[in-house]
Amino acid sequence: MTGTKVDIIGAGMAGLAAALAFSRAGWTVRIREQAEEIREVGAGLQLSPNCTHILNALGLGPALEGVMHRPGRIALASGTSLNVITYVPAGDEAEQRWGAPYGVVHRADLQSVLYDAVKTDKNCSIELGTRIEPRELGDSDADLVVIADGVWSANRIRLKEAGKPSFTGLVAWRLLVDAEDAATFLDPNNVTAYMGRDSHLVAYPVNGGAKVNMVAITNGDSPGASWSYATSAENRAQLFERFKAWNPVLRTTMRDAESVTYWPLYQMSDGAYFDGGKTVLIGDAAHAMGPFAAQGAAMAIEDAWELAASATQGRTAIFQWEERRRNRVGRARKRAGFNRFVYHARGPVRIGRDLVLSLRKPEHLASDLDWLYGWRATGL
Ligand SMILES: Cc1cc2nc3c(=O)[nH]c(=O)nc-3n(C[C@H](O)[C@H](O)[C@H](O)COP(=O)(O)OP(=O)(O)OC[C@H]3O[C@@H](n4cnc5c(N)ncnc54)[C@H](O)[C@@H]3O)c2cc1C
């Protein structure tokens, strides 16, 4: 493809990262985003080294350092005793092992870092408050149209063979609490995944350590297709009920959280990312997955970088990109499925799990993740 103009639909992690990657490859980029302003609900993201090394290559390292916290370890703990069973080393060890930092960040901060870079990039223009419908895409005079409009994508229907979204039967409760309120049980420097029957909860610091972001995942219902719901008293009661077998200290902290949102979790079935013409799907629009491996945004950012590296070489290279991405995303998805099984185990399986995990050395747990975190993007 000899083109140099790309239209990007959606300014989430995928769309903004794609804009910067295409600009770096010399393309002229136009992004259109339905929201009037770039604003995210209160929540956090874990950024693994496979993702941060791309963000660094996009020149975002210094800005990211200003907002990202580097945890010392990723601990796995019991949701009833709160005891740490084992951990994956992070901090300096992560950077040495995987070549880039492991970090946690408030979602809005990462989005601002990306957005600020796009706004000052001379190859990029961004139009907010502009919702794009599928019929408009046919009129685009760009050489490539990148659909990055998320799991609820309206524009995905441009690709007949694209996957379909379905409800996982799980909901994520996102809670923000004061670090002081969690200080009795939580080491504020670490990411901690508490595991319990049919549910788990991941906690980590955001906002420079002032707050702790908690994501609790349980079975639940989906009120419909939307990204996030403000939580009613009834919802909070449901959350409390789901965690009734959990440690009371943790439950009280959850009950008193200042901000709680409720997210039904959807995932995409496997499908095409490229139509063979000029339309490509990236990020959640292509392959939303459960958050058990914390890889959704990372896969979106990988998609973006890899697509920009391939697109200039033409359609064959984009088909090759699609195949590589489907293999990689498929593997991350399997890992997420495995984590779901491990984190939510009950009864004898849970006892066996705790024993096996406690016998595994942190070094072994780290080496299990080499394929995922140590992956290197094209040209880096
Ligand atoms: C509970 C939970 C925890 C998670 N934790 C992690 C984690 O720790 N680490 C990680 O890597 N990932 C995590 N993820 C996944 C991650 O949040 C997503 O994979 C990622 O945000 C997807 O980015 P995206 O840009 O593809 O989609 P989105 O962020 O959904 O962005 C899509 C954008 O397109 C815009 N848009 C939609 N339709 C239109 C239209 N028609 N016209 C114009 N604009 C449009 C939307 O307004 C939006 O701005 C988590 C997800 C959940 C639910």
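Coordinates for the structure precede this section.
In this text the structure is predicted, and so the values were computed from the model without any measurement.

A. Spatial organisation of the overall build of the protein chain. Scanning the protein chain from terminus to terminus reveals 15 helices and 15 strands. Taking 380 residues into account, the globule formula puts the C-alpha radius of gyration at 21 Å, and the protein chain, at 20 Å, falls close to it. A principal-axis box enclosing the C-alpha atoms of the protein chain has dimensions of 60 × 45 × 35 Å. Out of the 380 residues in the protein chain, the part that is buried amounts to 48%. A separation threshold of at least 6 residues defines the contact pool for the protein chain, and within that pool the share at least 24 residues apart is 76%.

B. Inspection of the packing of helix H2 (residues 49-57) against helix H11 (residues 296-311) at higher detail. Direction vectors running N to C along H2 and H11 enclose 45°, while the axes themselves pass 9 Å from each other. It follows that H2 is oblique to H11 by the angle criterion. Here H2 runs over H11; the crossing is left-handed. For the pair H2 and H11, the contacting residues are Asn50, Cys51, Ile54 and Leu55 in the first and Ala297, Ala298, Ile301, Glu302 and Trp305 in the second.

C. Structural view of the pairing of strand E9 (residues 165-178). Sheet topology note: the E9/strand E14 (residues 259-268) ladder contains nine bridges and is antiparallel. Each residue of the ladder has a partner; that of Arg174, found in E14, is Thr261. Pairing geometry for E9 and strand E12 (residues 211-219), over nine bridges, is antiparallel. Bridge pairing links Trp173 to Ala216 in E12.

D. Structural view of the site of the ligand. In the neighbourhood of the ligand, 34 residues make up the surrounding shell, with Gly10, Gly12, Gly150, Gly283 and Gly296 lying closest. Sorting the residues of the shell around the ligand by element identifies helix H1 (13-24), strand E3 (44-47), E14, helix H10 (284-287) and H11 as the ones contributing at least two each. Among the elements that take part in the shell around the ligand, H11 stands out by supplying four residues, more than any other.

E. Representation of unusual backbone geometry. The phi torsion at Leu82 lies on the positive side, around 70°, for a residue other than glycine. Considering the arrangement of structural elements, one finds Leu82 in the loop between strand E4 (73-78) and strand E5 (84-89). Looking at Leu82, the number of C-beta atoms within 10 Å reads 16, which means it is partly exposed. Positive phi, close to 60°, is recorded for Asp198, a residue that is not glycine. Note that Asp198 resides in the loop between strand E10 (191-196) and strand E11 (199-206).

F. How the structure looks around the packing of H1 against H11. Between H1 and H11, whose axes approach to 8 Å, the crossing angle comes to 25°. In this view, H1 runs roughly parallel relative to H11, as classed from their interaxial angle. Between H1 and H11 lies a crossing of right-handed hand. Facing H1, whose interface residues are Met13, Ala14, Ala17, Ala18, Ala21, Phe22 and Arg24, H11 presents Ala297, Ala300, Ile301, Asp303, Ala304, Trp305, Leu307 and Ala308. For the contact of H1 with H11, the class distribution of residues is 13 nonpolar, no polar and two charged.

G. Local environment of H1. Between its first and last C-alpha, H1 extends 17 Å over 12 residues, near the 16 Å set by a 1.5 Å rise per residue. The element H1 is extensively covered by neighbouring structure, given that 11 of its 12 residues are classed as buried. Elements in contact with the buried residues of H1: strand E1 (5-9), strand E2 (28-32), helix H5 (107-119), strand E7 (124-127), strand E8 (144-147) and H11. The first or second residue beyond H1 is Gly26, which carries a positive phi of 95°.

H. Helix H9 (residues 248-255), seen in detail. Those residues of H9 lying buried are Leu250, Thr253 and Met254. What you see down the axis of H9 is that its buried residues fit within an arc of 100°, all on one side. Away from its buried face by more than 90 degrees, H9 exposes Pro248 and Thr252. Looking at the packing, one finds that the buried side of H9 touches E9, helix H7 (179-182), E10, E12 and helix H8 (233-242).

About the cut-offs
Residues numbered from 1 in each chain as written. Predicted model: local features only at pLDDT ≥ 70, side-chain atom pairs only at ≥ 80, totals over all residues. Helix = DSSP H or I, 4+ residues; strand = E, 2+ residues; numbered from the N terminus. Rg over C-alpha atoms; globule rule 2.2 N^0.38 Å. Buried ≥ 20, exposed ≤ 12 C-beta atoms within 10 Å, placed from the backbone. Contact = placed C-beta atoms within 7 Å. Axes fitted to C-alpha atoms, helices over the stretch in contact; angles between N-to-C directions. Parallel < 35°, antiparallel > 145°, perpendicular 65-115°, else oblique. Left-handed = near helix turned anticlockwise from the far one by under 90°. Pairing = 2+ DSSP bridges. Near = placed C-beta within 6 Å. Nonpolar A, V, L, I, M, F, W, Y, C, P; charged D, E, K, R; others polar. Expected span 1.5 Å × (residues − 1). Arc of directions from axis to C-beta.

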